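Commentary on secondary and tertiary structure
Chain residues, written in single-letter form:
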Amino acid sequence: MFARSAVVAALMCACSAAYAGPADYVFVPGVTYGEREIVYPKYRSLIEAINAAKPDFTIHVGDFKSGTSVCSDDEFHHQFEFMSQFEAALIYTPGDNEWTDCHRKNNGPFEPLERLNLIREMFFAEPQSMGMRPIKLERQSEVQPNIR
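Described in the following lines is the structure provided in the data block. Nothing here was measured: the structure is a model prediction, and the numbers come from that model. (Residues numbered from 1 in each chain as written. Predicted model: local features only at pLDDT ≥ 70, side-chain atom pairs only at ≥ 80, totals over all residues. Heavy atoms only, no water.)

Section: the pairing of strand E1 (residues 25-28)
Keep this limit in mind: Each residue's exposure class comes from its accessible area (1.4 Å probe, protein chains only) as a fraction of the maximum for that residue type: buried when under 20%, exposed when over 50%, partly exposed otherwise. The helix and strand labels rest on DSSP assignments: H or I over at least four residues marks a helix, E over at least two residues marks a strand, and numbering proceeds from the N terminus. Paired strands, as defined in this entry, are two strands with at least two bridges between them according to DSSP. If you view a crossover with the strands going away from you and the path from the first strand over the helix to the second runs clockwise, you call it right-handed.
Every second residue of E1 is oriented toward a common face, the buried set being Val 26 and Val 28 and the non-buried set Tyr 25 and Phe 27. The pairing of E1 with strand E2 (residues 57-60) spans four bridges and is classified as parallel. Bridging from a neighbouring strand, Val 26 pairs with Thr 58 of E2. One crossover worth recording links E1 to the parallel E2 by way of helix H2 (residues 36-53), and it is right-handed.

A short note on the packing of aromatic side chains
To keep things clear, this is the line we draw: Here a Phe, Tyr or Trp ring, Trp counted by its six-membered ring, pairs with any other such ring whose centre lies within 6.5 Å, and the pair is stacked when the planes are under 30 degrees apart, edge-to-face when over 60, and tilted otherwise. Only lysine NZ and arginine CZ atoms are considered, and such an atom sits over a ring when it is within 6 Å of the ring centre and within 35 degrees of the ring normal.
Using the criterion set out here, one finds 10 aromatic pairs in the structure. Ring centres of Phe 64 and Phe 76 lie 5.3 Å apart, and the angle between their planes is 85°; this geometry places the pair in the edge-to-face category. Of this pair, Phe 64 sits in the loop between E2 and helix H3 (73-84) while Phe 76 is found in helix H3, placing the two residues 12 residues apart along the sequence. Residues Phe 64 and Phe 76 agree in their burial class; the two are buried. Aromatic side chains Phe 64 and Phe 123 sit 5.8 Å apart centroid to centroid with 35° between the ring planes, which places their arrangement in the tilted category. In this pair, Phe 64 sits in the loop between E2 and H3 while Phe 123 sits in helix H4 (residues 112-123), placing the two residues 59 residues apart along the sequence. Judged by its relative accessible area of 4%, Phe 123 falls in the buried class. Three or more aromatic residues joined by ring pairs form one cluster here, namely Phe 64, Phe 76, Phe 80, Tyr 92, Phe 123 and Phe 124. Positioned above the aromatic ring of Phe 76, the side-chain terminus of Arg 115 is 5.2 Å from the ring centre. Across from the ring centre of Phe 110, 4.3 Å away, lies the NZ or CZ of Arg 115, which sits over that ring.

Focus: the packing of H3 against H4
Worth spelling out the cut-off: Every angle, taken between N-to-C directions, lies between 0 and 180 degrees, and every axis is a line fitted to C-alpha atoms, over only the stretch in contact when it is a helix. Any angle from 65 to 115 degrees is called roughly perpendicular, while one under 35 is roughly parallel, one over 145 is roughly antiparallel, and all others are oblique. If you view the pair so one helix is near and one far, a crossing is left-handed when the near helix is turned anticlockwise from the far one by less than a right angle, and right-handed when it is turned clockwise. Residue contacts follow a heavy-atom distance rule, with two residues in contact if any of their heavy atoms lie within 4.5 Å. For this scheme, ten residues count as nonpolar: Ala, Val, Leu, Ile, Met, Phe, Trp, Tyr, Cys and Pro. Four count as charged, namely Asp, Glu, Lys and Arg, and the remainder, Gly too, count as polar.
One way to put it is that H3 packs onto H4 with a least axis distance of 11 Å and a crossing angle of 30°. Between H3 and H4, the angle falls in the class roughly parallel. As H3 packs across H4, the resulting crossing turns out to be right-handed. Between H3 and H4, the contacting residues are Asp 73, Phe 76, His 77, Gln 79, Phe 80 and Met 83 on the first element and Arg 115, Leu 118, Ile 119, Met 122 and Phe 123 on the second. Counted by class, the contact of H3 with H4 contains seven nonpolar, two polar and two charged residues.

Right, here's the structure in full:
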């Protein structure tokens, strides 16, 4: 799974770097599936490759952990640190693995809404992207406060 995701991300990175459109960007799929000793160094290398390509921004489409791995605070902190290493803005959209799958016994178990609240506190504390050069983002909760 990681190898295929890394190849897709690397191809997107290469295509993004060659495209001279209004904005160069990269999509990062869920890439940290597996044992930390194996996937973390590969993820660091992917981040370095994306940083070297100098996209205007990167979009992380979530699932920073597998649906069967532990939903621990420790894992969330590791992922926050990874996302902080992107030189350009990083826009993160949570996947289901980060919160809805956390009720499973082998994932903690954790209360899914508690995990979602932690994600909101950690990754969305400010109305801006992550990364070393964050950009301002609009939140639906701020522009449409009556919609829940």
